[in-house]
Amino acid sequence: MELTKTILAMAFMTTILSLSTQHKHLMLALMCIETMMILLFMLLVTYTSTSLTLSQAPMPIILLTISVCGAAVGLSLVVAITRTHGNDFLKNLNLL
């Protein structure tokens, strides 16, 4: 079980590194964020399954619900940006 937690934590750190070095596509950045949410969900599930507290049992489902809502908003933003600008390159967007 400890090896699983370590592997999930290392994968989370790798995803953070990938997100920080990703500067080309908005869709790839959103996919990195979704991967981070899935890894957090797995870490919460393993933590709540090993702990005996029942008050933390709904936390993974709440995180998954918020993650799905964020993914829907992110996908709608990608579609809107692609329709207005023609692509999802971050360098073409005037963010200031």
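Model, not experiment: these values are computed from the prediction. (Residues numbered from 1 in each chain as written. Predicted model: local features only at pLDDT ≥ 70, side-chain atom pairs only at ≥ 80, totals over all residues. Heavy atoms only, no water.)

Some words on the UniProt feature "transmembrane region" (unreviewed entry) in the protein
- The UniProt entry lists residues 26–47 and 59–81 under the feature "transmembrane region" (unreviewed entry), expressed in the numbering used here.
- Along residues 26–47 the backbone is 100% helical and 0% strand, and the end-to-end C-alpha distance reaches 32 Å.
- Secondary structure across residues 59–81 comprises 100% helix and 0% strand; the distance between its end C-alpha atoms is 33 Å. (UniProt positions renumbered as here; feature names shortened; annotations may be inferred. Helix = DSSP H or I, 4+ residues; strand = E, 2+ residues; numbered from the N terminus.)

A short note on a nonpolar patch on the surface
- Taken together, the side chains of M27, L28, M31, L75 and V79 make up a nonpolar region of the molecular surface, amounting to roughly 410 Å² of accessible area.
- Among the elements that take part in the nonpolar patch, helix α2 (residues 26–50) stands out by supplying three residues, more than any other.
- With respect to the element layout, L75 can be found in helix α3 (residues 59–85). (Patch = residues over 30% accessible without salt bridge, like charges linked within 9 Å, V, L, I, M, F, W, Y side chains within 5 Å. Areas by Shrake-Rupley, 256 points an atom, 1.4 Å probe, with all protein chains shown as cover. Salt bridge = Lys/Arg side-chain N within 4 Å of Asp/Glu carboxyl O.)

A short note on helix α1 (residues 2–21)
- The first and last C-alpha atoms of α1 sit 29 Å apart over 20 residues, in line with the 28 Å expected at 1.5 Å per residue.
- Those residues of α1 that sit buried are L8, F12 and T15. Down the axis, α1 shows its buried residues gathered within 60° of arc, on one side only. Along α1, exposed side chains directed more than 90 degrees from the buried face belong to E2, L3, I7, M10, M13, T14, L17 and T21. (Expected span 1.5 Å × (residues − 1). Buried < 20%, exposed > 50% of the residue type's maximum accessible area, 1.4 Å probe, protein only. Arc of directions from axis to C-beta.)

Quick word on the environment of I62
- Tracing the sequence through the fold places I62 in helix α3.
- Along the chain, I62 and F41 lie 21 residues apart, while their C-alpha atoms are 9.5 Å from each other.

Quick look at the packing of α2 against α3
- Relative orientation of the contacting elements α2 and α3 amounts to 175°, with a least axis distance of 10 Å. It follows from the interaxial angle that α2 and α3 lie roughly antiparallel. Judged by residue contacts, L26, M27, L30, E34, M37, L40, F41, L44, V45 and T48 of α2 engage M59, P60, I61, L63, L64, S67, A71, G74, L75, V78 and I81 from α3.
- In the contact of α2 with α3, the residues fall into 17 nonpolar, three polar and one charged. (Axes fitted to C-alpha atoms, helices over the stretch in contact; angles between N-to-C directions. Parallel < 35°, antiparallel > 145°, perpendicular 65-115°, else oblique. Contact = heavy atoms within 4.5 Å. Nonpolar A, V, L, I, M, F, W, Y, C, P; charged D, E, K, R; others polar.)

Re the environment of F12
- One can find F12 in helix α1.
- F12 gets classed as buried once you look at its relative accessible area, which sits at 15%.
- The spacing of F12 and H25 is 13 residues in sequence and 20 Å in space, taken between C-alpha atoms.
- Residues contacting F12, with those up to four places away along its chain left out, are M36, L39 and L40.

Things to note about the environment of I38
- Turning to its location among the elements, I38 is positioned in helix α2.
- Separated by 29 residues in the primary sequence, I38 and S67 have C-alpha atoms spaced 8.4 Å apart.

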